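Coordinates in review
Given next are the chains, with one letter for each unit.
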Amino acid sequence: MTDNRFDPSQADGRWQRAWEESGAFTADSDSEKPKSFILEMFPYPSGRIHMGHVRNYTMGDVLARYKKMRGFEVLHPMGWDAFGMPAENAAMEKKVHPGEWTHANIEGMKKQLKGIGFALDWTREFATCDPEYYGHEQALFLDMFEAGLVYRRSSEVNWDPVDMTVLANEQVIDGKGWRSGAEVEKRKLDQWFLKITDFAEDLLEGLDELKDWPEKVRLMQENWIGKSSGLEFSFDLSNGEKLPVYTTRPDTIFGASFCAIAADHPIAQGLGDDPAVAAFIEECKKGGTTAAELETAEKLGFDTGITAQHPFTGEAMPVFIANFVLMDYGTGAVMGVPGHDQRDFEFATKYKLPITRVVAKDASETDAPMGDEAEAGDGVIVNSDFLDGKSVDEAKAEVIARAENGGWGEGKTVWRLRDWGISRQRYWGTPIPIIHSPDHGPVPVPRDQLPVKLPEDIDFDEPGNPLERHPTWKHTTCPISGKPALRETDTLDTFANSSWYFLRFASQPDNAPFDPEEVAKWLPVQHYIGGIEHAILHLLYARFWTRALASIGKIDVKEPFAALFTQGMVTHETYALGDGSWLSPDEVRKDGAGWVTIADGAPVTAGRVVKMSKSKKNVVDPDAIIADYGADAVRWFMLSDSPPERDLPWSQDGIEGCGRFVQRLWRLFQQFDPAASGEDQPLARKAHQAIVAVAEDIEALSFNKAVARIYELTGATEKAEASESRNFAIRTLMHLASPMMPHLAEEAWACAGNDGLIADAPWPEHDPAMLVEDEVTIAIQHKGKLRDTLTAPKGASKEDLEALALASEKVQRSLDGAEIRKVIVVPDRLVNIVT
RNA sequence: GCGGGUGUGGCGGAAUGGUAGACGCCGGGGACUUAAAAUCCCCUGAGCUUUGCUCGUGCGGGUUCGAGUCCCGCCACCCGCACCA
């Protein structure tokens, strides 16, 4: 027995090399074992691994290692979501090629990930910016193009006139470009779209099958897809035109008192010659789109002077241009029913339009006055001719039926989901494999010319898309006529890259994006782990892309991720000086109850615990922590205390505690004593129970509970005398801890004289007979309050337990001679005496 | 506004309707040491008239022999979406 310390600085690297050399985590798709695909959302190679990554990948790693121990052939790959804006920004700021910057980052981050000891199959690593990868992506794009799932149309975009580029909505801040600060313009550009709306119904219904997804994410996707059903019909207008409107409340049609159209509605645009109309349309465009602005925005309207004829009453209703009507939902026009829609109510109040009740609590309340807001709830239809007395649902069906019979409208389902605009006027992305032919329009690049590679010799000295102004790249010939033609210079949205990468992880043939048979072996992903921020876009696009490929016969799986887990953020206290400037954790120290700067002792305010971010300076660098405490301590911290779906507050005290526990386990592991003999039943029992409990906790992803179990068994084992049972407990702890602290476990395993890697060893067997206690603690209650506890043999009869309870001195004192009315006995648990 | 979540010691958090606070962190006391670090042991929800008693899981009710857990009504905070007709 030696009392040396575990030295991660030399042990970690040694075991990481041992895993790599033995190929311990290389997935064999020809294996006979059941398969398990464990995947964490692959990182963007921004430069450094941060604590959020460490937490995400540690969780996946524990699962992957555990599944391997349980006899699964595990696929646990890693790659790089390598296209995107930051690389281009770096190119502009640092005069470095985006590819060079990206690859340097990948090298650095890969080294960091290896230093944490993740059980990854690095043989399947790829970056989405590899021409092989994006070439296959281009092939998939062409598959979808040929299947009619891709189309081109003119669409409005945010245009930065200084950077000469399109901005995503989140890159527009207060109406200005986030980089240039220039006033952003709306511009119409021809853009490529993927027909995700073809799959709206399917994507919505598929959510029901995703039992192992968080309810929250399913609801967010459901709302995003936004199915609604109602009636689309046309009003006859006084100018002879027709005005199609969409409503989900056809039952309230007798309450309509006006029509409203969007500012960019064709009828409004047609009136644009009138300066007053033009001014109003301009006014509508100004309004901000932030939540707060919309909340307070006043309903504004402009009476066009045109009237619409009510389909049932024949009444003439005014048609307004209104700022609250959206052109891209429904038909861009609505019928206004002020009594039963809050927006219409506000509008009608402002412009003194009639507000009629057409839904009441019951049929007798026909004339009940309207309050100061619209009544959107259920009820009975009143003041509505043939609809009177019907329920809301009956009236909806009746009006839709009459409209359809009369040929002036039809029941319709409308979706909030829009088609996916995938064109980006950027260099660092997958070139869209299309050639614009003067004679044949947009033509697919012939398959034998894929990949369409990005040119290397580009510069970012001028604003705009480097592909567009490259001297030769876009010039090519039409594949049909052979005449000169131009390449598409837009690249694909980066979300396209992450929409099928899991298929490429499952199989990597040279001549195809994937092999359907290999995909069938691994998919769906058994556990997909990542941040909640991808609840909608990435996860919806990946579901769509998988379904689209299934619909054209490329694969058999429709849902890529069987189970989804969204982990919480890593947070940290913030520190600020009096002037509000932020300080990093290593610039401050505790001073009594408060905090001061290390530099000059100036008082520091410790603020809220929030997500680690550069702007708040509350980041902690994983490398520095690993250097101080080793990889296992950091991994252990990531799994301890907080449930994985909640935020994890980082603390210096916490990581020190984890570092201490690594050493404590190491000391215990060294006490494995081959010469020891004898049984220790209670300890053996605890070890067997821990084998079962830790397994259950890991499978439920309750890592914090698994950690607590390991602490408990550790404590019990430390206290026990040497025995064969104690040796068993020590070996058990090595196995139970090995998915979480793999370096320590390997070192201890080897020191105890075992051959091979503990990573390759199976999960320990438990003896079911040892799970059952032979003695139990019984709680004795009087009137529901605890009075005493006693130990009884497991399975003691109710009569015996009752007798034991009544024999207790404490119980008798509490009873104080009162008459016993009833005694409740729960075997092996408690006795409750009621007086 | 709509949808969802959370609320338990100083802190992170445990708890199939059955002994609330497992486990960890912080804190206090002690042992070892010339001393420190490391390590080990004990205490650590609040209060009280302290062999013990009372109170205690955001608040107010209810069901039950028994409620952190189930039901009804509130409050606070967090997240997502949002003029979607």
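1. Structural notes on the side chain of Lys-299
- Counting through the fold element by element, Lys-299 comes out in the loop between α10 (291-296) and β11 (301-309).
- Look at Lys-299 and you get buried, because its relative accessible area is 13%.
- Polar contacts involving the side chain of Lys-299 include one to the side chain of Glu-346, which spans 3.4 Å.
- Apart from residues no more than four positions distant in its own chain, Lys-299 is found in contact with Asn-323, Phe-324, Arg-343, Glu-346, Phe-347, Lys-350 and Tyr-351.

2. Observations regarding the sheet that holds strand β21 (residues 475-477)
- Read from one edge of the open sheet, four strands run β20-β19-β22-β21, paired in antiparallel fashion. The open sheet has two free edges, formed respectively by β20 (441-444) and β21, since each of these has just one partner strand. The mean angle between the axes of side-by-side strands here comes to 45°, regardless of whether they run parallel or antiparallel.
- Relative to strand β22 (residues 484-487), β21 is paired through three bridges, and the arrangement is antiparallel. What sits directly across from His-475, in β22, is Leu-486.

3. Some remarks on the packing of aromatic side chains
- All chains considered together, the criterion is met by 42 aromatic pairs.
- Seen from their ring centres, Phe-254 and Phe-386 are 5.5 Å apart, and the 75° between their planes marks the pair as edge-to-face. Here Phe-254, found in the loop between β9 (242-247) and β10 (258-261), pairs with Phe-386, found in the loop between β15 (380-381) and α12 (392-406); they are 132 residues apart in sequence, far enough to count as distant.
- For Phe-254, a relative accessible area of 13% translates into the label buried.
- Pairing Trp-636 with Phe-661 gives two aromatic rings, centres 5.1 Å apart and planes at 20°, and the pair type is stacked. Residue Trp-636 is found in helix α19 (residues 631-639), and its partner Phe-661 is found in helix α20 (residues 652-669); the two are separated by 25 residues along the sequence.
- Through a chain of ring-to-ring contacts, three or more aromatic side chains come together here, namely Phe-42, Phe-126, Tyr-133, Trp-500, Tyr-501, Phe-502, Phe-505, Tyr-528 and Phe-561.

4. Structural notes on the layout of surface pockets
- Empty space within the second largest pocket amounts to approximately 580 Å³.
- Lining the second largest pocket are 22 residues, and of these His-572, Pro-585, Val-620, Trp-650 and Gln-652 lie nearest its centre.
- Among the elements of the structure, β26 (570-576), β28 (588-591), α18 (622-629) and α20 are those that each provide at least two residues to the lining of the second largest pocket.
- A total of four residues in the lining of the second largest pocket trace back to one element, the largest contributor, which is α18.
- Grouping the constituent residues of the lining of the second largest pocket by class yields 10 nonpolar, four polar and eight charged.

5. Regarding the packing of α19 against helix α24 (residues 742-751)
- Contact pair α19 / α24: the axes reach a minimum separation of 7 Å and the direction vectors enclose 125°. Taken together, the axes of α19 and α24 are oblique relative to one another. The residues of α24 that touch α19, namely those facing Ala-631, Asp-632 and Arg-635, are Pro-742, His-743 and Leu-744.
- In terms of residue class, the contact of α19 with α24 is built from three nonpolar, one polar and two charged.

6. Focus on the environment of Ala-147
- The topology assignment puts Ala-147 in the loop between α5 (131-146) and β3 (150-160).
- Between the C-alpha atom of Ala-147 and that of Ala-278, which follows or precedes it by 131 residues, the distance is 42 Å.

7. Comments concerning the sheet that holds strand β17 (residues 420-421)
- Across the sheet, four strands lie side by side as β4-β3-β7-β17; this open sheet has antiparallel pairing. The open sheet is flanked by β4 (165-167) and β17, the only strands paired with a single partner.
- The pairing of β3 with strand β7 (residues 185-194) spans 10 bridges and is antiparallel. Within β7, the position partnered with Ser-154 by the bridge is Asp-190.

8. Re the pairing of β9
- Note that strand β8 (residues 227-237) and β9 share six bridges and pair antiparallel. In the strand pairing of β9, Asp-236 is matched with Lys-242.
- Turn length for the β8-β9 hairpin, with the two strands adjacent in sequence and antiparallel, is four residues, and the turn residue Gly-240 shows positive phi of about 90°.

9. So, the pattern of salt bridges
- Throughout the structure, instances matching the rule amount to 39 salt bridges.
- Lys-554 serves as the salt-bridge partner of Asp-143, at 3.5 Å between the closest nitrogen and oxygen. Highlighted residues: Asp-143 in helix α5 and Lys-554 in the loop between α17 (537-551) and β25 (564-567), separated in sequence by 411 residues.
- By relative accessible area, Lys-554 is classed as partly exposed at 33%.
- One salt bridge in this structure joins Lys-474 and Glu-468, with 2.9 Å as the shortest N-O distance.
- With relative accessibility at 15%, the residue Lys-474 sits in the buried group.
- A single network of salt bridges, built from pairs that share partners, joins Asp-202, Arg-543, Arg-547, Lys-558 and Glu-559.

10. A closer look at unusual backbone geometry
- For the bond from Leu-450 to Pro-451, the omega torsion is -5°, close enough to zero to count as cis.
- Within the secondary structure, Pro-451 is located in the loop between β20 and α13 (466-469).
- With an omega dihedral of -5°, the bond running from Leu-523 to Pro-524 counts as a cis peptide bond.
- Unusually for a residue other than glycine, Asp-385 sits at a positive phi of about 55°.
- With respect to the helices and strands, Asp-385 occurs in the loop between β15 and α12.
- We note that Lys-783 has phi near 55°; this positive angle belongs to a residue other than glycine.
- Tracing the backbone shows Lys-783 in the loop between β32 (775-782) and β33 (785-793).

11. A closer look at the packing of helix α22 (residues 703-719) against helix α23 (residues 724-737)
- Closest axis-to-axis distance for the α22/α23 pair is 10 Å, and the angle between their directions is 155°. With respect to α23, the axis of α22 lies roughly antiparallel. Crossing hand, α22 versus α23: left-handed. Counting all contacts with α22, which are made through Ile-710, Leu-713, Thr-714, Thr-717 and Glu-718, the residues of α23 involved are Arg-726, Ala-729, Ile-730, Thr-732, Leu-733, Leu-736 and Ala-737.
- Residues that form the contact of α22 with α23 fall into these classes: seven nonpolar, three polar and two charged.

12. Structural notes on α18
- Along α18, the positions that sit buried rather than exposed are Pro-622, Ile-625, Ile-626 and Tyr-629. With its buried residues spanning 100° around the axis, α18 presents them on a single face. Exposed residues pointing more than 90 degrees away from the buried face of α18 are listed as Ala-627 and Asp-628.
- With its phi angle positive at about 90°, Gly-630 sits one or two positions after the end of α18.

13. As for the nonpolar core
- If you look at the biggest cluster of nonpolar residues, it comprises 169 residues, and the most contacted ones within it are Tyr-501, Phe-502, Leu-523, Trp-650, Ile-698 and Met-740.
- With near-sequence residues (within four places) excluded, Met-740 lies in contact with Val-62, Asp-632, Arg-635, Trp-636, Leu-639, Ile-698, Ala-706, Val-707 and Ile-710.
- One finds Val-245, Ile-281, Ala-333 and Val-392 within the second-largest nonpolar core, a separate group that totals 36 residues.

14. Structural notes on empty space enclosed by the protein
- A complete count under the given rule lists one cavity of 30 Å³ or more for this structure.
- Computed from the structure, the largest cavity encloses a volume of approximately 40 Å³.
- What lines the largest cavity is Phe-25, Arg-65, Lys-68, Met-69, Ser-738, Pro-739, Ile-758 and Ala-759.
- Among the residues forming the lining of the largest cavity, the class breakdown is five nonpolar, one polar and two charged.

15. Looking at the confidence of the model for chain A
- With 97% of its residues at a pLDDT of 70 or more, chain A shows a mean pLDDT of 90.
- Overall, residues 288-292 carries pLDDT values under 50, and its contacts beyond four positions in sequence, including any with other chains, amount to three contacts.
- For this predicted complex, the interface score ipTM comes out at 0.94, alongside a pTM of 0.92.

About the cut-offs
Residues numbered from 1 in each chain as written. Chains lettered and ligands numbered in written order. Predicted model: local features only at pLDDT ≥ 70, side-chain atom pairs only at ≥ 80, totals over all residues. Heavy atoms only, no water. Helix = DSSP H or I, 4+ residues; strand = E, 2+ residues; numbered from the N terminus. Buried < 20%, exposed > 50% of the residue type's maximum accessible area, 1.4 Å probe, protein only. Polar contact = N/O pair within 3.5 Å; in protein donor to acceptor, adjacent residues only side chain to side chain. Contact = heavy atoms within 4.5 Å. Pairing = 2+ DSSP bridges. Axes fitted to C-alpha atoms, helices over the stretch in contact; angles between N-to-C directions. Phe/Tyr/Trp six-rings, centres within 6.5 Å; stacked < 30°, edge-to-face > 60°. 1 Å grid on protein atoms, 1.4 Å probe; cavity = no way out; pocket = protein on both sides within 12 Å on 5 of 7 lines; lining within 4 Å. Points joined across faces, edges and corners; volume = space filled by probe spheres on them. Nonpolar A, V, L, I, M, F, W, Y, C, P; charged D, E, K, R; others polar. Parallel < 35°, antiparallel > 145°, perpendicular 65-115°, else oblique. Salt bridge = Lys/Arg side-chain N within 4 Å of Asp/Glu carboxyl O. Left-handed = near helix turned anticlockwise from the far one by under 90°. Arc of directions from axis to C-beta. Core = buried A, V, L, I, M, F, W, Y, C linked by side-chain atoms within 4.5 Å. pLDDT = per-residue confidence, 0-100.

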